[in-house]
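Residue-level listing of the chains:
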Amino acid sequence: MILTLFPIAVFAGERSNFVIGVAPHSSPRIILQMYAPLQQYMEKVLGMSVEIVTAPNFDIFANCALAKEYDIAVTTGHQARLLQIDAHYSPLLTYKADFKSVVLVLRGGAIHTPQDLHHKDVLGLSPTSLVTLWGQQWLKKNNVRANPTKYVSASDSLAQLLIAGEAAAAFTSLANYQNLDATVRPQLQILEESGPMVGRVYMLQDRWAGEQKKIKAALWAFADTREAQEYFAANKLEGYRALRPGELEELDVYAEETRNLLKNVR
Amino acid sequence: MNRLSPWKTVHGRLLCLAIVLEAFMLTLLITNSLRLLHNAMADQVQEQAEEISPVLIAALTAPLAQRDYATIQAVLDESLVTDSLEYIVILDRYGNRLLADEFPKNRSLPPASRNFSFFTLAKDPVYHVVTPIEYQHQPLGELHFGINLTRIFHARRTLLVQGISIAVIEILLSSFALLFFGFWVVRNMQTLTRASLEVAAGNFPIQPLPEGDDDVGKLSAAFNIMSRAIQDRVKELTQTNDLLEQKQLQLEQLNQSLQERVRTTVAELRSKDQLLISQGRQAAMGEMIGNIAHQWRQPLNTLALVLTNLHYAHEAGELTDEYMAEYIATGNRLIQKMSSTINDFSEFFRPNKVKMPFSAERQIRLAIEMVAESFAYNHIEINLAVEQECILFGFPNEYSQVLLNLLNNAKEAAIGAARENGQIHITLTARQGMGVVTVEDNGGGIPKDILDKVFDPYFSTKPMGTGIGLYMSKTIIESNMQGRIEARNNPAGSELSVMVPLAKEAS
């Protein structure tokens, strides 16, 4: 049925490959592992080579996405909103599980309240990542004057640095925290947790606007496969869901912040 | 004694053999060392490739997934700091070369070195490795790198040069040592050889060789024992030989004497044979004269009557010319008949030169005719029964003479038995391819104790007999005509049978 929806020749455009860019919420190996079922499924359905790529950090990922290097960008809500506005990407769907940012500290460590972080080092994934932006907003809201945030490319690296005492706290997502290695996670604890936010959003580049329905249908079809169910369960994503109206617009503040930061990066 | 060339001496050959074996073993040793080194090198390089590949892939997987070319470049630069890697080239999943590497752009990437060849790699001392970079079944690119083998090949060359040098030195040293040892071991060999030649030439006594406790000394002792034993044996052999020569001389003299005796005996036998033949001829001639006499008896009487009639006719004055002419003609006829008789006998006794077919009956009748008058004079009757006419193959006159012999013997038997009516039956028949003539008489037969001797030469029961007749008859029939002659007795007398092959059988 899926094959009838997407004949092989449909996407035989200028490129012979289809690039799915995933924001570097984890290390590249974890991302490749997580999205391997989707890559294999889409290759079969699209009849062309499908490549999963990521970037060294959120800034570079955002710039690559804005440069339209990805046919589908799977990224955080605020970057999705930025891509929608600045690069005319179209939102396809998101995960059912809510996205939450957390502030992690060492279990049994010296940090018990936000004020304990005064003049301490804190870690973020990248300047433009939603967890970092949310964490910095959280520090500001609690009048904490921490040292300038240090950025790490992946949350598992971030956890190791925290355990090693390189920093007092770290900003990451609740999902990444839950995906940490069983030997690592017990050594950490959540100091603060954000309210639910939209999770990673699948954004389709406007080059494929004419095929949006079919690609979206393919993603929904993938969600029904055994591989997808295993993938959702393993990563506590619960499945796909459609975006609610105005859901991305709620993140305009972070999108604006990101745009400004990216200008400095460029 | 000529001096032997080094190659022909025992120690020379042993030395050559030892050097050849040593060279062979050293070559084997060096070759094996190189082979082991090569295998170790191959294992080491392959292990090195297997160690480097995952490290590079691990370092490159993330930046490839991130398209982080700066990191990829850093990985390449840091990996090429040491000399162990000759080059690293990264291809993306579409086969495009990423970044600037040290491998020439105009040169195609070498394939992976699958077989670690000992000699080809000497020209290109790089072990090429090609391995895909993928993660979770997702191809990310391809890694090409070359492991620099220059140091390893230098080590191999050093091993080869040093190994050959050591082998050459070892061969030279061992050659000198073996040469010295060889001369020391065979120091008494020349003396032994000279003494052996003296023994071979029989120049006894031999001066004893110096003996010792080593192998050559023991060999000399054994040689001394052997040369003494040979000297004793030679002496015994010489004595035996002298004795043998004496015996041989005696034997030769005896042999000469025997030869002389044989020659004498043979000459005597030949003389006897000549005498026998002569006697046989004389007997035959006597027989012939006797028979002629019988043949002439009647014409001579008639001729005497003619002459008497002429005498009375002359006295009576009746001798006319016609009467004279008639009686002269009668006398001439008688004389002519007597002359014819002599010719017949002469022809009868002339031997045939070649074998030929002839009528057995005709020859029988000729023989009967020769003796007819004699038999009639002695009142002996001859009966001939021809049961079957036979054409025989042989000498007809000799055949008739044999029959004549048998008839004469039968006549003698009849006369000897004082029979008033002597009877001789001649039967001619054919049996088993032979013409068989049987002559039977009624003379009382041959005594049993001499029956098997009647054909022996010089055997005769008659007072004036020569003992040759039957012997010659047997010789003529059996040796010259391949027939057979037999004698047996019947109730009335003897019975002799002559069997000669029929002409159609003989042909």
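Preceding this section is the structure that the text describes.
Residues numbered from 1 in each chain as written. Chains lettered and ligands numbered in written order. Predicted model: local features only at pLDDT ≥ 70, side-chain atom pairs only at ≥ 80, totals over all residues. Heavy atoms only, no water.

We now examine the overall build of chain A. When helices and strands are counted, chain A shows 10 helices and 11 strands. Across the 266 residues that make up chain A, the buried fraction comes to 55%. At a minimum sequence separation of 6, the contacts of chain A that also span at least 24 residues come to 80%. Here chain A has roughly 11200 Å² of accessible surface; of this, 52% comes from carbon and sulfur atoms. (Helix = DSSP H or I, 4+ residues; strand = E, 2+ residues; numbered from the N terminus. Buried < 20%, exposed > 50% of the residue type's maximum accessible area, 1.4 Å probe, protein only. Contact = heavy atoms within 4.5 Å. Areas by Shrake-Rupley, 256 points an atom, 1.4 Å probe, with all protein chains shown as cover.)

Further remarks concern empty space enclosed by the protein. All names here are of chain A. Counted under the stated rule, the structure contains three cavities of 30 Å³ or more. Roughly 70 Å³ of volume is contained in the largest cavity. Every residue along the wall of the largest cavity is listed here: H25, F58, T76, F99, L125, S129, L130, V131, S173, N176 and R200. Of the residues that constitute the lining of the largest cavity, the class distribution is five nonpolar, five polar and one charged. (1 Å grid on protein atoms, 1.4 Å probe; cavity = no way out; pocket = protein on both sides within 12 Å on 5 of 7 lines; lining within 4 Å. Points joined across faces, edges and corners; volume = space filled by probe spheres on them. Nonpolar A, V, L, I, M, F, W, Y, C, P; charged D, E, K, R; others polar.)

Tallying the contact residues gives 20 residues for chain A and 15 residues for chain B. When the two sides are added together, the surface that chain A and chain B hide from each other amounts to roughly 1600 Å², 49% of it contributed by carbon and sulfur. Run the count over chain A and chain B and you get three salt bridges. For E43(A), the salt bridge goes to R93(B), with nearest N and O atoms at 3.8 Å. Viewed at the interface, chain B and chain A are joined by seven residue pairs in polar contact (both at pLDDT 80 or more). Listing elements by their share of the side of chain A that touches chain B, those giving two or more residues are β1 (17–22), α2 (28–46) and β2 (49–53) of chain A. (Buried area = accessible area lost by both parts, 1.4 Å probe. Salt bridge = Lys/Arg side-chain N within 4 Å of Asp/Glu carboxyl O. Polar contact = N/O pair within 3.5 Å; in protein donor to acceptor, adjacent residues only side chain to side chain.)

Let us now look at the packing of aromatic side chains. Counted under the stated rule, the structure contains 15 aromatic pairs over all chains. An angle of 55 degrees between the planes, with centres 5.7 Å apart, marks the rings of Y35(A) and Y231(A) as tilted. Here Y35(A) is found in helix α2, whereas its partner Y231(A) is found in helix α9 (residues 226–234), with 196 residues between them in sequence. For the residue pair Y35(A) and Y231(A), the accessibility class agrees, reading buried in each case. Summarising the aromatic geometry, the rings of Y323(B) and Y327(B) are spaced 4.3 Å apart at their centres and angled 25 degrees between planes, so their arrangement reads as stacked. With Y323(B) and Y327(B) both in helix α7 (residues 321–348) and four residues apart, the pair spans about one turn of that helix. (Phe/Tyr/Trp six-rings, centres within 6.5 Å; stacked < 30°, edge-to-face > 60°.)

In terms of nonpolar packing, the biggest core is built from 62 residues, with I20(A), Y35(A), Y202(A), Y240(A) and I147(B) touching the most fellow members. Counting 58 residues, the second largest nonpolar core, distinct from the first, contains F58(A), A73(A), A167(A) and A169(A). (Core = buried A, V, L, I, M, F, W, Y, C linked by side-chain atoms within 4.5 Å.)

Residues and elements named next belong to chain B. Counted under the stated rule, the structure contains 21 salt bridges over all chains. With a closest N to O distance of 3.1 Å, K474 and E478 form a salt bridge. Residue K474 and its partner E478 are both found in helix α10 (residues 469–480); the two are separated by four residues, about one turn of the helix. Assessed through its relative accessible area of 27%, E478 is described here as partly exposed. The partner of R488 in a salt bridge is E486, and the shortest N-O contact between them spans 2.9 Å. Under the relative-accessibility criterion, R488 is labelled partly exposed at 31%. Linked through salt bridges whose partners overlap, the residues forming this network are R484, E486, R488 and E495.

Moving on, we come to a nonpolar patch on the surface. Residues and elements named next belong to chain B. A contiguous nonpolar patch, built from L160, I164, V168, L172 and F176 and spanning about 460 Å² of accessible area, is present on the exposed surface. Relative to the helices and strands, L172 resides in helix α4 (residues 150–185). On the basis of relative accessible area, L172 is assigned to the partly exposed category, the value being 48%. (Patch = residues over 30% accessible without salt bridge, like charges linked within 9 Å, V, L, I, M, F, W, Y side chains within 5 Å.)

Moving on: unusual backbone geometry. Non-glycine residue K236(A) carries a positive phi angle of around 55 degrees. Along the chain, K236(A) falls in the loop between α9 and β11 (240–241). Of note, Q136(B) is a non-glycine position whose phi angle comes to about 55 degrees, a positive value. Counting through the fold element by element, Q136(B) comes out in the loop between β3 (126–135) and β4 (138–148).

Look at α2(A) against helix α1 (residues 10–66) of chain B: their axes get within 9 Å of each other, and the N-to-C directions meet at 70 degrees. When the axes of α2(A) and α1(B) are compared, the pair comes out roughly perpendicular. In this structure, α2(A) meets α1(B) at a crossing whose hand is left-handed. Judged by residue contacts, P28(A), R29(A) and L32(A) of α2(A) engage I57(B), A58(B), T61(B), A62(B), A65(B) and Q66(B) from α1(B). (Axes fitted to C-alpha atoms, helices over the stretch in contact; angles between N-to-C directions. Parallel < 35°, antiparallel > 145°, perpendicular 65-115°, else oblique. Left-handed = near helix turned anticlockwise from the far one by under 90°.)

The next point concerns the sheet that holds β2(A). All names here are of chain A. Within the open sheet, the six strands sit side by side as β2-β1-β3-β10-β4-β11. Their pairing is mixed. The open sheet has two free edges, formed respectively by β2 and β11, since each of these has just one partner strand. The pairing of β1 with β2 spans five bridges and is classified as parallel. By the bridge assignment, F18 is partnered in β2 with V50. (Pairing = 2+ DSSP bridges.)

In this section: helix α6 (residues 155–163) of chain A. All names here are of chain A. Buried within α6 are the following residues: S155, L158, A159 and L162. End-on view of α6: buried residues confined to an arc of 100 degrees, all on one side of the axis. The inward-facing, buried residues of α6 contact β5 (101–106), β6 (122–124), β8 (169–173), α7 (174–178) and β9 (188–193). (Arc of directions from axis to C-beta.)

Residue and element names in this part refer to chain B. As for its placement among the helices and strands, N408 is situated in helix α9 (residues 396–416). The exposure class assigned to N408 is buried, which follows from its relative accessible area of 6%. Setting aside residues up to four positions removed in sequence, N408 forms contacts with E287, V371 and F375.

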